[in-house]
Amino acid sequence: MGTNGSTMLKPLRQGLPPLDPAAVSDAASCALPARYEAVREARSFTRRTLDQWDVGERFDDICLVVSELVTNALRHAVPGESERLSAPQTPAVRLHLMRWTERLVCAVRDPSHDTPAPRDSDDFSAESGRGLFLVDSFSDSWGWHPLAGTLSGKVVWALFRLRSAE
């Protein structure tokens, strides 16, 4: 395997981003239904939260990445239509937003154990399979980790550097 573009996108299985959870200054999360409208709900939740936190400068990047992470979670991690309809009360996907002084992390939890892997596709006009390329392009770093304990599934996260408030 040469050093083509896809090696750069090997998902980082490195646990949580390198930030002290105790130092988080703001955190918000919302449960999302296993329906594609959840992407719109995730975006408006993100927009409201970033407005409150006054995180203007990375606004578009963060909203785009949230959309992609939630879409991926719904597409790859949530059971098929018939199973979804019979169990609508279980929010399968959860979005977490966390802010430190100069960092923001969005993390999406889903019930799948599959490794998030970019599709090996040179066709950049393809409709699906670009999600992780966009996440990689618009965030400063991203990765994932399996959930421990009683929670099954994984968390996929993306980190954004923010300008300091000064």
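Right above here is the structure, for reference.
What you see is a predicted model; the values in this text were computed from it and never measured. (Residues numbered from 1 in each chain as written. Predicted model: local features only at pLDDT ≥ 70, side-chain atom pairs only at ≥ 80, totals over all residues. Heavy atoms only, no water.)

> Even after reading the chapter, I still don't get unusual backbone geometry, so can you show me in this structure?
Excluding glycine, most residues fall at negative phi; most peptide bonds, likewise, are trans. Unusually for a residue other than glycine, Asp54 sits at a positive phi of about 60 degrees. Summarising the element assignment, Asp54 is placed in the loop between helix 2 (37–53) and helix 3 (59–77). (Helix = DSSP H or I, 4+ residues; strand = E, 2+ residues; numbered from the N terminus.)

> Just checking my understanding: could you explain helix 2 for this structure?
Because an α-helix packs 3.6 residues into every turn, residues spaced three or four apart end up facing the same way. Spanning 17 residues, helix 2 covers 24 Å between terminal C-alpha atoms, matching the ideal 24 Å at 1.5 Å per step. Directly after helix 2, the chain includes Asp54, whose backbone phi takes a positive value near 60 degrees. (Expected span 1.5 Å × (residues − 1).)

> Would you take a moment to explain the environment of Asp20 for this structure?
Here Asp20 is to be found in the loop between helix 1 (5–8) and strand 1 (26–32). Judged by relative accessible area, Asp20 falls into the partly exposed class, the value being 46%. (Buried < 20%, exposed > 50% of the residue type's maximum accessible area, 1.4 Å probe, protein only.)

> How should the nonpolar core be read in this particular structure?
In a soluble, globular protein the nonpolar side chains are often hidden away together inside. Counting residues in hydrophobic clusters, the biggest one holds 34 residues, and the most contacted among them are Leu95 and Cys106. Those elements that provide at least two residues to this core are strand 1, helix 2, helix 3, strand 2 (93–99), strand 3 (103–110), helix 5 (131–138), strand 4 (141–146) and strand 5 (154–161). At nine residues, helix 3 tops the list of elements feeding residues into this core. Ala107, Val155, Trp157 and Leu159 belong to the second largest nonpolar core, which has seven residues in total. (Core = buried A, V, L, I, M, F, W, Y, C linked by side-chain atoms within 4.5 Å.)

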